[in-house]
Amino acid sequence: MSNFRINLQQTGWHCLTDERIAFIGARLIDPQINLDAVQDIIIESGRIAHIGKFPANWQGERIKAAGNIICPGFFDMHTHLREPGFEHKESVLSGCLAAAAGGFTGVACMPNTDPAIDTPGIVQFIRQQAEGQPVEVHPVAAVTKGRKGEVLSEMVELAECGVTAFSDDGSPVASAGLMRRAMEYAKMLKAVIIEHCEEPTLTANGVMHEGAFSTRLGLPGWPSVGEELAVQRNISLAGYTGGRLHIAHISTRAGAELVRRAKQEGMNITAEVTPQHLTLTCEMLTGYDSDFKVNPPLRETEDCEILLQALADGVIDCIATDHAPHTDDEKAVEFIRAPFGMLGLETALGVIYTKLVLSGKLSLTRFIDAMSVKPRQILNLPAATIAVGAPANLTIFDPNLKWTVDRNKMNSKSHNTPFHSWELTGRAVGVVNRGIVWMIKQALLCYPEQSEVSRPLFQMSASLRSA
Amino acid sequence: MSPHNKIDLEPPVLTHLLGLDGVPEPVITEILDTAENFLAVLERPIPKVPSLRGVTVANLFFENSTRTRISFELAEKRLSADTINFSTSGSSVAKGETLLDTVKNIEAMKVDVVVMRHWAAGSSKFLADRIDAKVVNAGDGTHEHPTQGLLDMLTIRRKLGALKGLKVLILGDIAHSRVARSNIFGLLNCGAEVKVCGPATLIPREAESLGVEVIPDLDEGLKWCNVVNVLRLQLERMSQGLIPSLRDYQRRYGLTRLRLEKAAKDIVVMHPGPMNRGVEIDSNVADGPWSVILSQVKHGVAVRMAALFLISGREKDEG
């Protein structure tokens with residue numbers, strides 16, 4: 001832990017250890033309690049101690065936060081932390097750093113590690129790696145042992161050690177019969193099955209969306225119908241078994257329509273969409289840049305529009321990043337051979353805020369709802385709320401901060417972002433969770449003796465580069 | 001539409017030859033005109049010019065090829081270039097070295113031009129973005145095979161006089177064919193009309209987005225076209241379940257003498273080779289009066305000379 005603090009200092013972040021911290025003048029937004037007001041907020045011993053006008057005689061560290069938004073901490077329910085097994089791409093710690101830099105106070109990490117997350121030992125190991133960080137890490141365990149799609153993992157034991165969601169993400173559960181049993185078994189545990197919806201016989205060699213661009217580029221297509229069929233299969237099975245289904249990274253208009261219909265029929269299913277599937281299209285692959293290679297693949301403009309509509313009106317419940325780090329060496333190969341996946345934790349806030357919130361397509365409250373409230377609900381995790389007495393689990397972001405994404409200045413160990421050189425507005429400046437406050441160094445702090453005049457405590461850091 | 005073929009106009013300069021997608025007509029015409037000059041050279045008693053003396057060309061073949069490799073080698077020798085050859089079978093990565101490392105190592109030996117055949121679509125673009133040498137795509141997976149497209153266009157132009165307004169039918173496995181793509185892009189850019197014909201499982205769903213029309217019926221296609229370019233049917237399409245059998249394919253899409261006679265008009269028949277005689281094309285068609293297949297092979301050398309020459313940026317005084 002102490003080592004990690006040093007690491008933090010080097011990366012432009014500051015860890016506040018004071019027991020008593022006040023944020024002055026921020027706009028507090030919590031969609032769960034219809035809170036949207038400019039208020040001071042005081043945190044003492046990791047809990048929200050006071051909301052409202054700042055008491056004159058209060059002693060403690062003050063952070064000037066006017067112009068910033070403070071909301072319940074963002075939660076990314078779809079992250080690949082790569083540990084154990086692929087620590088050259090990412091580790092739990094580097095992933096936590098990337099998450100905090102993106103404003104996330106919690107992540108659910110996917111089980112396509114080596115070994116797969118399919119035993120309590122690995123679940124505990126991952127949690128231990130994240131101890132002392134302001135980012136909670138909730139491992140999602142494999143549906144099937146080793147993610148092989150053959151036999152169910154020991155879900156009872158995994159649930160007893162706190163796992164609330166199961167997924168073979170990276171791959172679908174190909175067998176409908178096995179998926180049925182998984183839903184039935186998980187239902188008994190009140191756990192959710194998160195499914196990567198892909199019909200493998202239709203997508204076998206596909207590396208990009210099947211359409212005009214795959215035809216022109218001569219790349220094997222991954223057709224929309226490959227998702228549509230799998231979404232339909234899983235909705236049907238959820239209806240038949242009564243199990244809880246969450247559809248991961250939905251990418252097609254047809255998939256979104258199926259979810260809409262199922263919800264209209266009253267089914268208890270949920271779905272997520274990624275920033276990349278909302279803002280990028282397959283047209284961007286014309287340069288064969290493998291940073292744009294992702295599964296499910298980038299689709300067409302119409303898909304983006306329908307997914308956005310579905311997100312805005314709640315058919316798609318939440319935003320998840322599908323943060324999938326790969327090294328430059330792994331990506332610098334023939335496009336067909338490059339691994340699927342792109343970074344997401346550090347750009348999600350800026351991309352969604354700039355492209356969808358500022359443009360008026362997504363309301364600010366719905367954005368916060370989709371980034372922080374809904375993911376915790378779906379995973380049956382305790383809510384993060386802005387209420388006196390509640391644990392302080394907060395994201396602080398500056399909605400006016402302009403910045404440029406630089407693939408070489410990621411806190412993640414990897415650089416594979418498709419948003420390189422994008423100019424964004426809106427960036428996290430701090431997170432609060434588990435009694436820890438992380439602030440980016442450029443945030444302003446003020447002290448009682450200087451209460452009228454604030455000053456930057458730290459020099460603005462030019463770089464967020466990982467040590 | 002295609003940002004990956006970087007071409008500066010006036011004078012037309014080819015930086016790389018990665019494909020014909022997005023290559024404008026004047027550039028194509030320049031290559032074809034240059035190829036005509038080289039065809040004349042090839043008729044001389046000593047069919048060799050010193051145009052690329054001192055230029056080193058590496059022929060990198062990551063996929064089996066006989067005729068394209070020989071054609072490039074011969075073109076390079078006719079231009080007096082120094083050549084080195086590297087071939088490796090199939091998609092073997094057993095030796096663990098990446099494509100980029102392999103090519104960078106060869107480039108470090110001071111190579112000016114890299115001619116590459118590779119099984120992966122986009123691999124020549126991938127290289128062109130990362131190495132200093134000029135890159136000529138000798139076929140990248142199911143993407144493009146620009147020199148084949150150009151030699152087909154040269155053959156048509158020599159046979160029928162001009163490309164503009166001509167009707168070209170491409171027959172067979174369009175989905176997996178780099179020859180089809182390069183022909184489609186090049187011909188459309190030069191003002192020809194292109195239609196494609198073949199079984200639905202071998203025609204991309206979005207074929208029409210390329211600017212071509214799909215004609216499912218071969219006889220109708222033959223009635224329409226001036227030129228039919230017959231693609232090779234890869235035998236593995238059967239094991240992939242895309243066609244039930246060669247016999248079934250031949251029944252509907254095999255180019256036979258009977259079909260050509262039924263069309264009752266002059267049709268130029270082309271095939272990029274190697275042919276499956278009796279499957280996509282009958283022998284009496286391939287060897288018959290319609291066929292320009294061996295001219296294509298001859299033109300291939302001249303077109304590759306032209307492409308290498310123009311890419312190398314040498315002045316034309318030695319032609």
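The coordinates are above.
Reading guide: rules and limits
- Residues numbered from 1 in each chain as written.
- Chains lettered and ligands numbered in written order.
- Predicted model: local features only at pLDDT ≥ 70, side-chain atom pairs only at ≥ 80, totals over all residues.
- Heavy atoms only, no water.
- Salt bridge = Lys/Arg side-chain N within 4 Å of Asp/Glu carboxyl O.
- Helix = DSSP H or I, 4+ residues; strand = E, 2+ residues; numbered from the N terminus.
- Buried < 20%, exposed > 50% of the residue type's maximum accessible area, 1.4 Å probe, protein only.
- Axes fitted to C-alpha atoms, helices over the stretch in contact; angles between N-to-C directions.
- Parallel < 35°, antiparallel > 145°, perpendicular 65-115°, else oblique.
- Left-handed = near helix turned anticlockwise from the far one by under 90°.
- Contact = heavy atoms within 4.5 Å.
- Nonpolar A, V, L, I, M, F, W, Y, C, P; charged D, E, K, R; others polar.
- Pairing = 2+ DSSP bridges.
- Expected span 1.5 Å × (residues − 1).
- Polar contact = N/O pair within 3.5 Å; in protein donor to acceptor, adjacent residues only side chain to side chain.

Asks: Could you give an account of the pattern of salt bridges, with specific residues and numbers?
Replies: All told, the structure shown has 33 salt bridges over all chains when counted by the stated rule. Ionic pairing is found between A:Asp313 and A:Arg260, a salt bridge with its closest N-O pair at 3.2 Å. Here A:Asp313 is found in the loop between α11 (301-312) and β16 (318-319), whereas its partner A:Arg260 is found in helix α9 (residues 253-264), with 53 residues between them in sequence. Taking the shortest distance from any N to any O, the salt bridge between A:Asp328 and A:Arg407 comes out at 3.0 Å. One end of the pair, A:Asp328, is in helix α12 (residues 328-331); the other, A:Arg407, is in the loop between β17 (394-404) and β18 (423-433), and 79 residues separate them in sequence. Relative accessible area serves as the criterion here: at 29%, A:Asp328 is assigned to the partly exposed category. By relative accessible area, A:Arg407 is classed as buried at 16%. Because the salt bridges share partners, they merge into one network encompassing B:Asp33, B:Glu36, B:Arg157 and B:Arg158.

Asks: Pulling in residues and values, what's your account of the packing of helix α1 (residues 25-42) of chain B against helix α12 (residues 293-312) of chain B?
Replies: Residue and element names in this part refer to chain B. The interhelical angle for the contact between α1 and α12, taken along N-to-C directions, is 120°, at an axis separation of 8 Å. One element, α1, and the other, α12, form an angle in the oblique class. With respect to the hand of their crossing, α1 and α12 are arranged in right-handed fashion. For the pair α1 and α12, contact is made by Glu 30, Ile 31, Thr 34, Ala 35, Phe 38, Leu 39 and Leu 42 and by Lys 298, His 299, Val 301, Ala 302, Val 303, Met 305, Ala 306, Ala 307, Phe 309 and Leu 310, respectively. Within the contact of α1 with α12, the residues separate by chemical class into 13 nonpolar, two polar and two charged.

Asks: Describe the sheet that holds strand β9 (residues 136-139) of chain A, listing the residues and the values that go with them.
Replies: All names here are of chain A. Taken together, the three strands give an open sheet; going across it, the order is β7-β8-β9, and neighbouring strands pair in parallel fashion. Looking along the sheet, the strands with just one partner apiece sit at the ends: β7 (74-79) and β9. Mean inter-strand twist for the sheet, computed between neighbouring axes without regard to direction, equals 20°. Here β7 pairs with strand β8 (residues 104-109) via four bridges, running parallel. In the sheet register, Thr 79 faces β8, and the bridge partner there is Cys 109. Strands in contact with helix α3 (residues 120-129) are β8 and β9; relative to β9, the strand with the most contacts, it is inclined by about 165°. Along the sheet, helix α14 (residues 364-378) contacts β7 and β8; its crossing angle with β7, the most-contacted strand, is approximately 65°.

Asks: Quick one: what's the story with helix α8 (residues 224-241) of chain A, residue by residue and with numbers?
Replies: All names here are of chain A. The end-to-end C-alpha distance of α8, which contains 18 residues, comes to 26 Å, matching closely the 26 Å that a straight helix rising 1.5 Å per residue would cover. Inspection of α8 places Gly 226, Glu 227, Ala 230, Val 231, Arg 233, Asn 234, Ile 235, Leu 237, Ala 238 and Thr 241 among the buried residues, and these make up the whole buried set. Phi for Gly 242, located one or two positions after α8, is positive at around 75°.

Asks: How would you sum up the environment of B:Asn276? Please name residues and give values.
Replies: Residues and elements named next belong to chain B. Turning to its location among the elements, Asn 276 is positioned in the loop between β11 (268-270) and α11 (283-286). Here the alpha-carbon distance between Asn 276 and Val 297, two residues 21 residues apart in the chain, equals 17 Å. Not counting residues up to four positions away in its chain, the partners in contact with Asn 276 are Arg 232, Leu 233, Leu 235 and Ile 281. Only 2.9 Å separates the side chain of Asn 276 from the backbone oxygen of Leu 233, close enough to count as a polar contact.

Asks: Which residues make up the sheet that holds strand β3 (residues 56-61) of chain B, and what values do they have?
Replies: Residues and elements named next belong to chain B. Pairing in this open sheet of four strands is parallel, and the strands run β4-β3-β5-β6 from one edge to the other. Of all the strands in the sheet, the pair left with one neighbour each is β4 (82-87) and β6 (134-140). Adjacent strand axes in the sheet meet at a mean angle of 15° when their direction is disregarded. Contacts from helix α2 (residues 67-78) reach β3, β4, β5 (113-118) and β6, with the element oriented near 175° to β3. Lying on the sheet, α12 is in contact with β3, β5 and β6; it crosses β6 at an angle near 150°.

Note that every value here comes from positions in space, so none of it alone points to a role or purpose.
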